[in-house]
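Geometric and topological summary
Residue-level listing of the chains:
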Amino acid sequence: MDAEHYRLRDFLTRTAQPYEWHEAGTAEAETLLDGLGLVDAALPVLVDGDRNLTGATVESVARAWGGLQPPQRVHYDFVIIGAGPAGLAAAVYAASDGVSTMVSDRDVPGGQASYTAMIENFFGFPDGIGGAELARLAGRQAERFGAELLLLHGVKGSKMNRHDGPMELILDDDSVVTASVVLAATGMDWRRLDLPGIDELVGHGVYYGAGRSEAAQCAGQSVVVVGAGNSAGQAVLNFGNATARVTMLVRGDRLEKTMSAYLIDRIRQHPLIDVHLATQLTDLHPNGDAISGVTFADASGRAETRPVDGVFLCIGGQPHTNWCSREHVATDRAGYILTGQDLLVDGNAPECWPLERDPFPLETSRVGLFAAGDVRHGSTKRVAAAVGEGSMVASLIFSRLAELGVTY
Ligand SMILES: Cc1cc2nc3c(=O)[nH]c(=O)nc-3n(C[C@H](O)[C@H](O)[C@H](O)COP(=O)(O)OP(=O)(O)OC[C@H]3O[C@@H](n4cnc5c(N)ncnc54)[C@H](O)[C@@H]3O)c2cc1C
(Lines give C-alpha, C1' and ligand atoms only; values in the text may rest on other atoms or scores of the structure.)
Protein backbone atom coordinates (compact mmCIF):
# COMPACT_ATOMS: atom_id res chain seq x y z
CA MET A 1 0.00 0.00 0.00
CA ASP A 2 1.19 3.52 -0.84
CA ALA A 3 2.67 5.18 2.26
CA GLU A 4 0.29 8.16 1.96
CA HIS A 5 -2.73 5.82 1.70
CA TYR A 6 -1.54 3.97 4.79
CA ARG A 7 -1.28 7.34 6.56
CA LEU A 8 -4.86 8.24 5.63
CA ARG A 9 -6.27 4.92 6.85
CA ASP A 10 -4.24 5.23 10.02
CA PHE A 11 -5.62 8.75 10.52
CA LEU A 12 -9.23 7.53 10.19
CA THR A 13 -8.60 4.67 12.62
CA ARG A 14 -6.80 6.79 15.18
CA THR A 15 -9.48 9.47 15.20
CA ALA A 16 -12.10 6.76 15.91
CA GLN A 17 -13.83 7.60 12.65
CA PRO A 18 -15.99 4.66 11.45
CA TYR A 19 -15.12 3.85 7.83
CA GLU A 20 -15.07 1.16 5.16
CA TRP A 21 -11.88 0.76 3.14
CA HIS A 22 -11.98 -0.74 -0.37
CA GLU A 23 -8.70 -1.47 -2.15
CA ALA A 24 -8.40 -0.09 -5.70
CA GLY A 25 -9.27 -2.72 -8.28
CA THR A 26 -11.63 -4.74 -6.10
CA ALA A 27 -15.20 -5.27 -7.25
CA GLU A 28 -16.55 -3.12 -4.39
CA ALA A 29 -14.25 -0.22 -5.24
CA GLU A 30 -15.06 -0.40 -8.97
CA THR A 31 -18.82 -0.48 -8.33
CA LEU A 32 -18.62 2.43 -5.89
CA LEU A 33 -16.50 4.62 -8.19
CA ASP A 34 -18.66 3.75 -11.18
CA GLY A 35 -21.83 4.72 -9.30
CA LEU A 36 -20.29 8.06 -8.34
CA GLY A 37 -18.98 8.76 -11.86
CA LEU A 38 -15.43 8.82 -10.47
CA VAL A 39 -13.82 5.95 -12.39
CA ASP A 40 -10.87 8.10 -13.51
CA ALA A 41 -10.57 10.15 -10.32
CA ALA A 42 -7.30 10.48 -8.43
CA LEU A 43 -7.16 7.89 -5.64
CA PRO A 44 -7.86 7.60 -2.84
CA VAL A 45 -11.44 8.83 -3.03
CA LEU A 46 -13.07 9.57 0.31
CA VAL A 47 -16.86 9.32 0.20
CA ASP A 48 -18.44 11.16 3.12
CA GLY A 49 -22.24 11.34 2.80
CA ASP A 50 -22.88 13.34 -0.36
CA ARG A 51 -19.36 14.83 -0.34
CA ASN A 52 -16.49 13.19 -2.26
CA LEU A 53 -12.84 14.07 -1.82
CA THR A 54 -10.58 12.86 -4.63
CA GLY A 55 -6.84 12.40 -4.18
CA ALA A 56 -7.62 12.59 -0.47
CA THR A 57 -4.81 13.21 2.02
CA VAL A 58 -4.85 13.49 5.78
CA GLU A 59 -4.57 17.26 5.46
CA SER A 60 -7.33 17.66 2.85
CA VAL A 61 -9.70 15.48 4.89
CA ALA A 62 -8.91 17.33 8.14
CA ARG A 63 -9.45 20.66 6.39
CA ALA A 64 -12.76 19.51 4.89
CA TRP A 65 -13.91 18.43 8.35
CA GLY A 66 -13.16 21.84 9.83
CA GLY A 67 -9.79 20.98 11.42
CA LEU A 68 -6.49 22.74 10.68
CA GLN A 69 -7.74 26.03 12.10
CA PRO A 70 -5.07 28.54 13.20
CA PRO A 71 -5.06 29.58 16.89
CA GLN A 72 -7.91 31.91 17.76
CA ARG A 73 -5.93 34.06 20.25
CA VAL A 74 -2.42 35.43 20.53
CA HIS A 75 -2.21 34.75 24.26
CA TYR A 76 -3.46 31.88 26.42
CA ASP A 77 -3.00 31.43 30.13
CA PHE A 78 -2.30 27.75 29.53
CA VAL A 79 -0.83 26.09 26.44
CA ILE A 80 -0.42 22.32 26.32
CA ILE A 81 2.02 20.77 23.87
CA GLY A 82 0.80 17.29 23.00
CA ALA A 83 -2.77 15.94 22.95
CA GLY A 84 -2.04 12.47 24.29
CA PRO A 85 -3.82 11.31 27.44
CA ALA A 86 -1.75 13.66 29.67
CA GLY A 87 -2.35 16.74 27.51
CA LEU A 88 -6.05 16.03 26.98
CA ALA A 89 -6.65 15.49 30.70
CA ALA A 90 -4.89 18.76 31.51
CA ALA A 91 -7.06 20.49 28.90
CA VAL A 92 -10.32 19.07 30.28
CA TYR A 93 -9.60 20.09 33.87
CA ALA A 94 -8.01 23.49 33.15
CA ALA A 95 -10.74 24.50 30.72
CA SER A 96 -13.45 23.27 33.09
CA ASP A 97 -12.00 25.67 35.68
CA GLY A 98 -12.34 28.49 33.17
CA VAL A 99 -8.64 28.87 32.24
CA SER A 100 -8.02 30.02 28.65
CA THR A 101 -6.47 26.84 27.27
CA MET A 102 -5.02 25.73 23.95
CA VAL A 103 -3.72 22.25 23.08
CA SER A 104 -1.42 21.73 20.14
CA ASP A 105 -0.63 18.37 18.57
CA ARG A 106 1.48 17.74 15.52
CA ASP A 107 -0.57 14.58 14.90
CA VAL A 108 -4.11 13.50 15.83
CA PRO A 109 -5.23 13.48 19.50
CA GLY A 110 -4.59 10.42 21.61
CA GLY A 111 -0.84 10.02 21.24
CA GLN A 112 0.31 6.45 21.73
CA ALA A 113 -3.07 5.50 23.15
CA SER A 114 -4.64 6.12 19.74
CA TYR A 115 -2.69 3.07 18.47
CA THR A 116 -4.28 0.61 20.85
CA ALA A 117 -7.55 -1.16 20.09
CA MET A 118 -8.40 -1.74 23.70
CA ILE A 119 -7.14 -0.20 26.90
CA GLU A 120 -8.15 -2.84 29.38
CA ASN A 121 -6.74 -1.33 32.55
CA PHE A 122 -8.20 2.19 32.48
CA PHE A 123 -10.15 3.19 35.57
CA GLY A 124 -13.92 2.88 35.22
CA PHE A 125 -14.09 0.78 32.04
CA PRO A 126 -14.44 -2.86 33.13
CA ASP A 127 -14.84 -4.00 29.52
CA GLY A 128 -11.99 -1.78 28.27
CA ILE A 129 -12.15 1.20 25.97
CA GLY A 130 -10.51 1.82 22.58
CA GLY A 131 -7.62 4.28 22.78
CA ALA A 132 -8.84 6.34 19.82
CA GLU A 133 -12.36 6.40 21.25
CA LEU A 134 -11.08 7.57 24.64
CA ALA A 135 -9.09 10.35 22.96
CA ARG A 136 -12.04 11.41 20.84
CA LEU A 137 -14.31 11.63 23.87
CA ALA A 138 -11.68 13.51 25.91
CA GLY A 139 -11.05 15.93 23.05
CA ARG A 140 -14.75 16.61 22.70
CA GLN A 141 -15.04 17.13 26.46
CA ALA A 142 -12.10 19.58 26.48
CA GLU A 143 -13.66 21.53 23.61
CA ARG A 144 -17.04 21.58 25.34
CA PHE A 145 -15.37 23.30 28.31
CA GLY A 146 -13.86 25.87 25.93
CA ALA A 147 -10.35 24.51 25.27
CA GLU A 148 -9.01 25.03 21.76
CA LEU A 149 -7.63 21.89 20.09
CA LEU A 150 -5.18 22.35 17.23
CA LEU A 151 -4.58 19.11 15.33
CA LEU A 152 -1.78 18.41 12.83
CA HIS A 153 -0.38 21.65 14.13
CA GLY A 154 2.69 21.12 16.33
CA VAL A 155 4.96 23.44 18.24
CA LYS A 156 8.27 23.72 16.41
CA GLY A 157 10.06 26.40 18.41
CA SER A 158 9.96 28.43 21.58
CA LYS A 159 11.42 31.32 23.53
CA MET A 160 11.26 30.72 27.25
CA ASN A 161 14.02 33.02 28.44
CA ARG A 162 11.96 35.05 30.93
CA HIS A 163 10.71 33.70 34.22
CA ASP A 164 8.56 36.73 35.04
CA GLY A 165 6.55 36.90 31.84
CA PRO A 166 4.87 34.83 29.15
CA MET A 167 6.62 32.13 27.11
CA GLU A 168 6.53 32.27 23.32
CA LEU A 169 5.66 29.24 21.21
CA ILE A 170 6.09 28.99 17.45
CA LEU A 171 3.68 26.68 15.67
CA ASP A 172 4.25 24.66 12.50
CA ASP A 173 2.50 27.32 10.39
CA ASP A 174 4.90 29.96 11.82
CA SER A 175 2.16 31.57 13.90
CA VAL A 176 3.29 32.59 17.39
CA VAL A 177 1.28 32.39 20.59
CA THR A 178 2.27 33.34 24.12
CA ALA A 179 1.38 31.48 27.27
CA SER A 180 1.59 32.24 30.99
CA VAL A 181 2.03 28.54 31.78
CA VAL A 182 3.05 25.72 29.44
CA LEU A 183 2.70 21.96 29.81
CA ALA A 184 5.05 19.69 27.88
CA ALA A 185 3.06 16.49 27.37
CA THR A 186 5.00 15.44 24.28
CA GLY A 187 5.28 11.74 25.13
CA MET A 188 7.58 9.47 23.19
CA ASP A 189 8.47 8.62 19.59
CA TRP A 190 9.04 5.13 18.29
CA ARG A 191 12.67 4.03 18.33
CA ARG A 192 14.06 3.32 14.81
CA LEU A 193 15.67 0.08 13.67
CA ASP A 194 18.89 0.34 11.67
CA LEU A 195 18.73 -2.26 8.86
CA PRO A 196 19.84 -1.98 5.21
CA GLY A 197 16.99 -0.87 2.93
CA ILE A 198 14.53 -0.34 5.77
CA ASP A 199 13.65 3.26 4.94
CA GLU A 200 12.47 2.32 1.42
CA LEU A 201 10.24 -0.43 2.86
CA VAL A 202 8.58 1.67 5.57
CA GLY A 203 4.97 2.04 4.46
CA HIS A 204 5.41 -0.90 2.04
CA GLY A 205 4.98 -3.82 4.38
CA VAL A 206 7.24 -2.50 7.13
CA TYR A 207 5.66 -0.30 9.77
CA TYR A 208 6.65 1.34 13.02
CA GLY A 209 4.02 0.43 15.56
CA ALA A 210 0.95 -1.64 14.86
CA GLY A 211 -2.64 -0.69 15.30
CA ARG A 212 -5.85 -2.55 15.03
CA SER A 213 -6.50 -1.42 11.45
CA GLU A 214 -3.36 -3.30 10.32
CA ALA A 215 -4.43 -6.37 12.27
CA ALA A 216 -7.77 -6.49 10.49
CA GLN A 217 -6.03 -6.23 7.11
CA CYS A 218 -3.63 -9.10 7.90
CA ALA A 219 -6.17 -11.90 8.49
CA GLY A 220 -4.69 -15.20 7.31
CA GLN A 221 -1.30 -13.61 6.53
CA SER A 222 2.15 -14.10 8.06
CA VAL A 223 3.53 -11.18 10.02
CA VAL A 224 6.59 -10.50 12.13
CA VAL A 225 6.42 -8.27 15.19
CA VAL A 226 9.68 -7.04 16.69
CA GLY A 227 9.74 -5.90 20.31
CA ALA A 228 9.03 -6.98 23.85
CA GLY A 229 7.20 -4.10 25.52
CA ASN A 230 3.47 -3.78 26.15
CA SER A 231 3.00 -2.18 22.74
CA ALA A 232 4.54 -5.25 21.06
CA GLY A 233 2.46 -7.55 23.25
CA GLN A 234 -0.75 -5.73 22.39
CA ALA A 235 0.18 -5.83 18.70
CA VAL A 236 0.85 -9.59 18.51
CA LEU A 237 -2.48 -10.26 20.23
CA ASN A 238 -4.27 -7.95 17.81
CA PHE A 239 -2.75 -9.86 14.88
CA GLY A 240 -3.33 -13.30 16.38
CA ASN A 241 -6.94 -12.47 17.19
CA ALA A 242 -7.39 -11.32 13.59
CA THR A 243 -6.15 -14.81 12.50
CA ALA A 244 -2.71 -13.71 11.27
CA ARG A 245 0.22 -16.10 11.91
CA VAL A 246 2.57 -14.12 14.11
CA THR A 247 6.31 -14.51 14.61
CA MET A 248 7.39 -12.40 17.57
CA LEU A 249 11.10 -11.54 17.76
CA VAL A 250 12.43 -10.57 21.18
CA ARG A 251 16.02 -9.47 21.73
CA GLY A 252 16.05 -10.30 25.46
CA ASP A 253 15.79 -13.76 26.97
CA ARG A 254 12.56 -13.18 28.96
CA LEU A 255 9.33 -11.35 28.27
CA GLU A 256 8.76 -10.74 31.98
CA LYS A 257 11.46 -8.05 32.04
CA THR A 258 9.45 -5.67 29.88
CA MET A 259 5.84 -6.84 29.46
CA SER A 260 2.79 -6.95 31.74
CA ALA A 261 1.92 -10.41 33.03
CA TYR A 262 -1.64 -10.38 31.64
CA LEU A 263 -0.31 -9.91 28.09
CA ILE A 264 2.33 -12.64 28.51
CA ASP A 265 -0.31 -15.12 29.66
CA ARG A 266 -2.48 -14.44 26.63
CA ILE A 267 0.44 -14.61 24.21
CA ARG A 268 1.55 -17.98 25.61
CA GLN A 269 -1.94 -19.40 25.23
CA HIS A 270 -2.42 -18.14 21.68
CA PRO A 271 -2.07 -20.88 19.04
CA LEU A 272 -1.08 -18.48 16.23
CA ILE A 273 1.73 -16.66 18.07
CA ASP A 274 5.27 -18.03 17.90
CA VAL A 275 7.70 -16.23 20.25
CA HIS A 276 11.48 -16.31 19.57
CA LEU A 277 13.52 -15.09 22.54
CA ALA A 278 17.14 -13.85 22.28
CA THR A 279 16.56 -13.32 18.58
CA GLN A 280 17.16 -10.33 16.31
CA LEU A 281 15.90 -9.31 12.90
CA THR A 282 18.95 -9.16 10.63
CA ASP A 283 17.66 -8.69 7.06
CA LEU A 284 14.61 -7.55 5.14
CA HIS A 285 13.97 -9.08 1.71
CA PRO A 286 11.97 -6.97 -0.72
CA ASN A 287 10.13 -8.18 -3.78
CA GLY A 288 9.81 -5.12 -5.98
CA ASP A 289 9.08 -2.29 -3.58
CA ALA A 290 7.32 -4.39 -0.93
CA ILE A 291 8.53 -6.71 1.81
CA SER A 292 8.38 -10.43 1.02
CA GLY A 293 10.63 -12.07 3.61
CA VAL A 294 12.86 -11.62 6.63
CA THR A 295 15.93 -13.25 8.13
CA PHE A 296 16.38 -13.43 11.88
CA ALA A 297 19.16 -14.93 13.98
CA ASP A 298 19.37 -16.23 17.53
CA ALA A 299 22.17 -15.58 20.04
CA SER A 300 24.25 -18.49 18.67
CA GLY A 301 24.09 -16.95 15.18
CA ARG A 302 21.68 -19.57 13.79
CA ALA A 303 19.72 -17.77 11.09
CA GLU A 304 16.32 -18.50 9.59
CA THR A 305 14.61 -16.91 6.59
CA ARG A 306 10.82 -16.80 6.33
CA PRO A 307 8.37 -15.35 3.83
CA VAL A 308 6.23 -12.60 5.40
CA ASP A 309 3.48 -10.22 4.39
CA GLY A 310 4.26 -7.56 6.97
CA VAL A 311 6.83 -6.51 9.55
CA PHE A 312 5.78 -4.38 12.52
CA LEU A 313 8.43 -2.72 14.64
CA CYS A 314 7.25 -2.11 18.19
CA ILE A 315 10.60 -1.41 19.74
CA GLY A 316 9.74 1.25 22.22
CA GLY A 317 10.30 4.92 22.15
CA GLN A 318 12.44 7.88 22.92
CA PRO A 319 11.06 10.86 24.78
CA HIS A 320 10.29 13.79 22.54
CA THR A 321 12.62 16.21 24.27
CA ASN A 322 15.16 17.37 21.64
CA TRP A 323 14.09 20.92 22.39
CA CYS A 324 15.02 20.69 26.09
CA SER A 325 18.72 21.46 25.70
CA ARG A 326 17.87 24.58 23.67
CA GLU A 327 15.64 25.82 26.48
CA HIS A 328 17.96 24.59 29.27
CA VAL A 329 15.29 22.24 30.58
CA ALA A 330 16.94 19.57 32.74
CA THR A 331 16.50 15.92 31.69
CA ASP A 332 17.88 12.60 32.87
CA ARG A 333 20.46 10.74 30.79
CA ALA A 334 17.82 9.04 28.67
CA GLY A 335 16.25 12.42 27.85
CA TYR A 336 13.18 12.27 30.13
CA ILE A 337 12.30 15.61 31.78
CA LEU A 338 13.10 16.12 35.46
CA THR A 339 10.40 17.75 37.56
CA GLY A 340 9.68 18.79 41.15
CA GLN A 341 11.65 16.91 43.80
CA ASP A 342 13.78 15.17 41.14
CA LEU A 343 15.41 18.52 40.39
CA LEU A 344 16.66 19.08 43.93
CA VAL A 345 20.34 18.54 44.63
CA ASP A 346 21.05 17.87 48.33
CA GLY A 347 17.61 19.29 49.05
CA ASN A 348 18.28 22.52 47.14
CA ALA A 349 16.89 23.81 43.86
CA PRO A 350 19.36 23.69 40.94
CA GLU A 351 21.64 26.69 40.38
CA CYS A 352 19.71 27.89 37.34
CA TRP A 353 16.49 28.17 39.39
CA PRO A 354 15.70 31.89 39.83
CA LEU A 355 12.98 31.88 42.53
CA GLU A 356 12.98 31.62 46.32
CA ARG A 357 10.51 28.75 46.28
CA ASP A 358 11.40 25.25 45.04
CA PRO A 359 9.89 23.96 41.80
CA PHE A 360 6.27 22.82 42.20
CA PRO A 361 5.55 19.11 41.71
CA LEU A 362 5.65 18.42 37.95
CA GLU A 363 7.29 21.79 37.28
CA THR A 364 10.52 21.58 35.26
CA SER A 365 13.75 23.51 35.73
CA ARG A 366 12.08 26.32 33.74
CA VAL A 367 9.69 28.33 35.90
CA GLY A 368 6.12 27.94 34.65
CA LEU A 369 6.91 25.02 32.33
CA PHE A 370 5.40 21.76 33.58
CA ALA A 371 5.82 18.22 32.25
CA ALA A 372 3.42 15.29 32.52
CA GLY A 373 2.98 11.78 31.19
CA ASP A 374 5.47 9.53 29.44
CA VAL A 375 7.88 12.37 28.69
CA ARG A 376 8.55 12.87 32.40
CA HIS A 377 11.35 11.15 34.29
CA GLY A 378 9.87 8.48 36.55
CA SER A 379 6.49 8.34 34.82
CA THR A 380 4.60 5.05 34.85
CA LYS A 381 4.02 4.80 31.07
CA ARG A 382 0.33 4.11 31.45
CA VAL A 383 -2.76 5.96 30.24
CA ALA A 384 -4.19 6.38 33.74
CA ALA A 385 -0.89 7.72 35.07
CA ALA A 386 -0.64 10.22 32.20
CA VAL A 387 -4.25 11.32 32.79
CA GLY A 388 -3.55 11.67 36.53
CA GLU A 389 -0.46 13.79 35.97
CA GLY A 390 -2.21 15.97 33.39
CA SER A 391 -5.08 16.62 35.80
CA MET A 392 -2.63 17.44 38.59
CA VAL A 393 -0.91 20.04 36.43
CA ALA A 394 -4.28 21.64 35.69
CA SER A 395 -4.63 22.41 39.37
CA LEU A 396 -0.95 23.29 40.02
CA ILE A 397 -0.97 26.01 37.36
CA PHE A 398 -3.13 28.21 39.61
CA SER A 399 -0.20 28.74 42.00
CA ARG A 400 2.00 29.81 39.10
CA LEU A 401 -0.71 32.02 37.57
CA ALA A 402 -1.13 33.73 40.96
CA GLU A 403 2.63 34.50 40.98
CA LEU A 404 2.13 36.24 37.66
CA GLY A 405 -0.82 38.16 39.03
CA VAL A 406 -3.37 36.22 36.99
CA THR A 407 -6.33 35.22 39.12
CA TYR A 408 -9.47 33.30 38.29
C1 LIG B 1 0.19 0.19 21.20
C2 LIG B 1 0.17 0.70 22.61
C3 LIG B 1 -0.67 0.13 23.53
C4 LIG B 1 -0.75 0.62 24.83
N5 LIG B 1 -1.62 0.02 25.68
C6 LIG B 1 -1.78 0.56 26.91
C7 LIG B 1 -2.75 0.02 27.80
O8 LIG B 1 -3.46 -0.94 27.49
N9 LIG B 1 -2.87 0.58 29.02
C10 LIG B 1 -2.11 1.64 29.42
O11 LIG B 1 -2.32 2.12 30.52
N12 LIG B 1 -1.18 2.16 28.60
C13 LIG B 1 -0.99 1.65 27.37
N14 LIG B 1 -0.04 2.17 26.54
C15 LIG B 1 0.80 3.31 27.01
C16 LIG B 1 0.04 4.63 26.93
O17 LIG B 1 -0.58 4.76 25.66
C18 LIG B 1 0.96 5.78 27.19
O19 LIG B 1 1.51 5.63 28.47
C20 LIG B 1 0.22 7.13 27.12
O21 LIG B 1 -0.34 7.33 25.84
C22 LIG B 1 1.14 8.29 27.44
O23 LIG B 1 0.43 9.47 27.30
P24 LIG B 1 1.16 10.87 27.09
O25 LIG B 1 0.09 11.88 26.91
O26 LIG B 1 2.15 11.09 28.16
O27 LIG B 1 2.06 10.75 25.77
P28 LIG B 1 1.72 10.26 24.26
O29 LIG B 1 0.58 9.31 24.28
O30 LIG B 1 3.02 9.81 23.74
O31 LIG B 1 1.26 11.61 23.55
C32 LIG B 1 2.16 12.63 23.27
C33 LIG B 1 1.58 13.53 22.19
O34 LIG B 1 2.43 14.66 22.01
C35 LIG B 1 2.46 15.00 20.64
N36 LIG B 1 3.66 15.82 20.38
C37 LIG B 1 4.97 15.47 20.49
N38 LIG B 1 5.75 16.50 20.14
C39 LIG B 1 4.94 17.54 19.82
C40 LIG B 1 5.15 18.87 19.39
N41 LIG B 1 6.37 19.38 19.23
N42 LIG B 1 4.08 19.66 19.14
C43 LIG B 1 2.82 19.18 19.32
N44 LIG B 1 2.57 17.91 19.71
C45 LIG B 1 3.60 17.10 19.97
C46 LIG B 1 2.46 13.65 19.95
O47 LIG B 1 2.03 13.76 18.60
C48 LIG B 1 1.48 12.85 20.82
O49 LIG B 1 0.16 12.96 20.35
C50 LIG B 1 0.07 1.69 25.23
C51 LIG B 1 0.97 2.27 24.31
C52 LIG B 1 1.01 1.78 23.02
C53 LIG B 1 1.97 2.41 22.04
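Since the model is a prediction, treat every value here as computed from it, not as a measurement. (Residues numbered from 1 in each chain as written. Predicted model: local features only at pLDDT ≥ 70, side-chain atom pairs only at ≥ 80, totals over all residues. Heavy atoms only, no water.)

1. Points about the packing of helix α8 (residues 230-241) against helix α9 (residues 261-269)
Packed helices, taken two at a time, are described by the angle between their axes plus the distance between the axes. Contact pair α8 / α9: the axes reach a minimum separation of 10 Å and the direction vectors enclose 35°. Considering the relative orientation of α8 and α9, their crossing is left-handed. Mapping the contact onto sequence places Asn-230, Gly-233, Gln-234, Val-236 and Leu-237 in α8 and Leu-263, Arg-266 and Ile-267 in α9. Residue composition of the contact of α8 with α9, by class: four nonpolar, three polar and one charged. (Axes fitted to C-alpha atoms, helices over the stretch in contact; angles between N-to-C directions. Helix = DSSP H or I, 4+ residues; strand = E, 2+ residues; numbered from the N terminus. Left-handed = near helix turned anticlockwise from the far one by under 90°. Contact = heavy atoms within 4.5 Å. Nonpolar A, V, L, I, M, F, W, Y, C, P; charged D, E, K, R; others polar.)

2. So, the site of the ligand
In the vicinity of the ligand there are 32 residues, among which Asp-105, Gln-112, Asn-121, Asp-374 and Val-383 approach most closely. For the ligand, an oxygen atom lies 2.8 Å from a polar atom in the backbone of Asp-374. Here an oxygen atom of the ligand and a backbone polar atom of Val-383 are 2.9 Å apart. When the ligand sits alone it has 1,000 Å² of accessible area, and the protein chains cover 94% of it. Going through the elements one at a time, α4 (85-96), β9 (188-190) and α11 (383-403) are the ones with two or more residues in the shell around the ligand. Across the shell around the ligand, the residue classes break down as twelve nonpolar, 14 polar and six charged. (Near = heavy atom within 4 Å. Polar contact = N/O pair within 3.5 Å; in protein donor to acceptor, adjacent residues only side chain to side chain. Areas by Shrake-Rupley, 256 points an atom, 1.4 Å probe, with all protein chains shown as cover.)

3. A word on the packing of aromatic side chains
In this description, a pair of aromatic rings is defined by centroid distance and the angle of the planes. Within this structure, the stated rule accounts for six aromatic pairs. Arranged with centres 6.1 Å apart and planes meeting at 20°, the rings of Phe-122 and Phe-125 form a pair that is stacked. The class for Phe-122 is buried, based on a relative accessible area of 15%. Of the residues examined, Phe-125 reaches a relative accessible area of 32% and is grouped as partly exposed. One aromatic cluster in this structure is built from Tyr-6, Tyr-207, Phe-239 and Phe-312. Just above the ring of Phe-145 sits the side chain of Arg-144; from NZ or CZ to the centre is 5.4 Å. The ring of Phe-360 carries Arg-357 above its face, with NZ or CZ at 3.7 Å from the centroid. (Phe/Tyr/Trp six-rings, centres within 6.5 Å; stacked < 30°, edge-to-face > 60°. Buried < 20%, exposed > 50% of the residue type's maximum accessible area, 1.4 Å probe, protein only. Lys NZ or Arg CZ within 6 Å of the ring centre and 35° of its normal.)

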